[in-house]
Amino acid sequence: LSQRFARVYGSPGEAPRVLGLLRAFWPLLVVCFVTGYLVREILPFPRMSMSQVGLLFVLVGVLTSFLLVWGERRLGNFLKGAKGEEWVAHELSFLSSEYAVFNGLRLRGGEENFDHIIVGPAGVFVVETKNWKGSVEFRGGKLFAGGKEPSRPPLKQVKAATAELVAYLDQKGCATLPAHPVLCFLGTRLPEDLMNVNGVVVCSGTRLVEVLQENFDEPVASPLREQVVSELRKIIE
């Protein structure tokens, strides 16, 4: 039965979960350092008055509470992104056997974390998943969420990831394979479910499989596809 569906490699959502923990709670290391300093000031020979130490411990307690609330909220955003990647990976796993799906990949020496790379008859697709609430709009080839441009624009993000992958495959002798950047939104209101913005395919989660099955040009020869799959598998293995 498994031979009827896409070959799947990697673990979806792993990067946001790990990075989320690190980025959300690293300030607590500062709290630990300050706490250790205060303990050193009172043991074994007090260098500060007990009232001063007590006041500082209260301040540390307040700061810790604030950082825990802030960190939990920030971690929730990362976990939401991880769940989005897992949902997309589940949908991609039901593609036909002509496809190979790579989740949570990072190229050797690369800078980008790839949510999903799909190799299929139409070429290679770089899919960036965004699990955002609310709505987004596009003006002048830029994306705006809540009326503001994100600090890390997703359109630039997926284009940079695609360029990095193309450069990597070029080094491996696979430069002729067409590459398509795709920005997939889950739970987000889009102007249209499927559109092209500055060379990036933007779609809802329900239209993603349709995008991957689109015949942009002549189908890519199977040997070239298998060469790309082999190179990407080396990274996973």
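Residues numbered from 1 in each chain as written. Predicted model: local features only at pLDDT ≥ 70, side-chain atom pairs only at ≥ 80, totals over all residues. Heavy atoms only, no water.

S.K.: Looking at this structure, I do not really get the pattern of salt bridges. What am I missing?
M.R.: If charged atoms from side chains of opposite charge come close, those side chains can pair. Throughout the structure, instances matching the rule amount to six salt bridges. Here Glu112 makes a salt bridge to Arg152, at a shortest N to O gap of 3.0 Å. Taken together, the positions of Glu112 in the loop between strand E2 (100-105) and strand E3 (114-120) and Arg152 in the loop between strand E6 (142-145) and helix H4 (154-171) put the pair 40 residues apart, joining distant regions of the chain. Here Glu112 falls in the buried class, since its relative accessible area comes to 10%. We note a salt bridge from Glu231 to Lys234, for which the minimum N-O separation is 3.6 Å. Separated by three residues within a single helix, Glu231 and Lys234 lie in helix H6 (residues 222-236), roughly one turn from each other. Note on Glu231: relative accessible area 12%, which makes it buried. In this structure Lys234 comes out as partly exposed when scored by relative accessible area, which is 44%. (Salt bridge = Lys/Arg side-chain N within 4 Å of Asp/Glu carboxyl O. Helix = DSSP H or I, 4+ residues; strand = E, 2+ residues; numbered from the N terminus. Buried < 20%, exposed > 50% of the residue type's maximum accessible area, 1.4 Å probe, protein only.)

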